[in-house]
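The primary structure of each chain is shown beneath.
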Amino acid sequence: VPAEPLRDVFLTVVRAGRLIAGPEHKIERDYYPGHELTFCRAGRGWARVRGRTYEIKPGQLLSINCHHPHAYGADLHEPWTLDWIRVEGSTMDRTWKMLAADSQPVFPGVDLAKCTVELEHIFELMQQQDVARAAWIHAHVSTLIALTCDARQAHPLPEHHDLPLPLERVLK
């Protein structure tokens, strides 16, 4: 886990991994530190954020602010394979809101090949903790965020994406 002063300066990755999930894979929490970026490599999963349930398919990214109630897990019939990182940093809340991930946490069209390269660098850099590696991790996380921005621009949100689902239906 990166030292606290590094978290004040950089986007840091406090945990990360690759998971080949079984159908029983499920996480449900009211609160957990950090923001999780989950990249679906194969199979399918689901997430529940702000009372809505979303399907996650291969090539999609799920962005969750773990400071709020959330749940996610593998599809029972086609469990997912995923890479994930838990990021902390002073700008993550603002970044999450800027990307509208609070109302639409699934990002289709993320360049999975480019994301995989960045994630591999992060996994390797996490093996040692020093300021230079923290700066490089920050750079790779920033690139992942840029790729997420590209995906959001390529797949714009519906007009009423931030409203509760029943209200959104009425306005359509």
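None of the values given here were measured: they were computed from a predicted structure. (Residues numbered from 1 in each chain as written. Predicted model: local features only at pLDDT ≥ 70, side-chain atom pairs only at ≥ 80, totals over all residues. Heavy atoms only, no water.)

### Examining the overall build of the protein
Moving on, step 1. A count of helical and extended segments in the protein gives five helices and nine strands.
Moving on, step 2. For the protein, the sequential pattern of α-helices and β-strands runs α-β-β-β-β-β-β-β-β-α-β-α-α-α.
Moving on, step 3. Sorting the 172 residues of the protein into buried and exposed places 48% on the buried side.
Moving on, step 4. For the protein, the share of sequence-separated contacts (at least 6 apart) that also reach a separation of at least 24 residues comes to 79%.
Moving on, step 5. With the model as given, the accessible surface of the protein reaches about 9000 Å², and the carbon-plus-sulfur share is 56%. (Helix = DSSP H or I, 4+ residues; strand = E, 2+ residues; numbered from the N terminus. Buried < 20%, exposed > 50% of the residue type's maximum accessible area, 1.4 Å probe, protein only. Contact = heavy atoms within 4.5 Å. Areas by Shrake-Rupley, 256 points an atom, 1.4 Å probe, with all protein chains shown as cover.)

### Some remarks on helix H4 (residues 131–154)
Moving on, step 1. The first and last C-alpha atoms of H4 sit 35 Å apart over 24 residues, in line with the 34 Å expected at 1.5 Å per residue.
Moving on, step 2. Capping of H4 at its N-terminal end is provided by Asp130; its side-chain oxygen lies 3.1 Å from the backbone amide nitrogen of Ala132. (Expected span 1.5 Å × (residues − 1). Polar contact = N/O pair within 3.5 Å; in protein donor to acceptor, adjacent residues only side chain to side chain.)

### Here's the deal with the sheet that holds strand S4 (residues 45–49)
Moving on, step 1. One open sheet holds the four strands; their spatial order is S2-S7-S4-S5, and the pairing between them is antiparallel. The open sheet is flanked by strand S2 (26–29) and strand S5 (52–56), the only strands paired with a single partner. Within this sheet the neighbouring strands show an average axis-to-axis angle of 10 degrees, counted without direction. (Pairing = 2+ DSSP bridges. Axes fitted to C-alpha atoms, helices over the stretch in contact; angles between N-to-C directions.)

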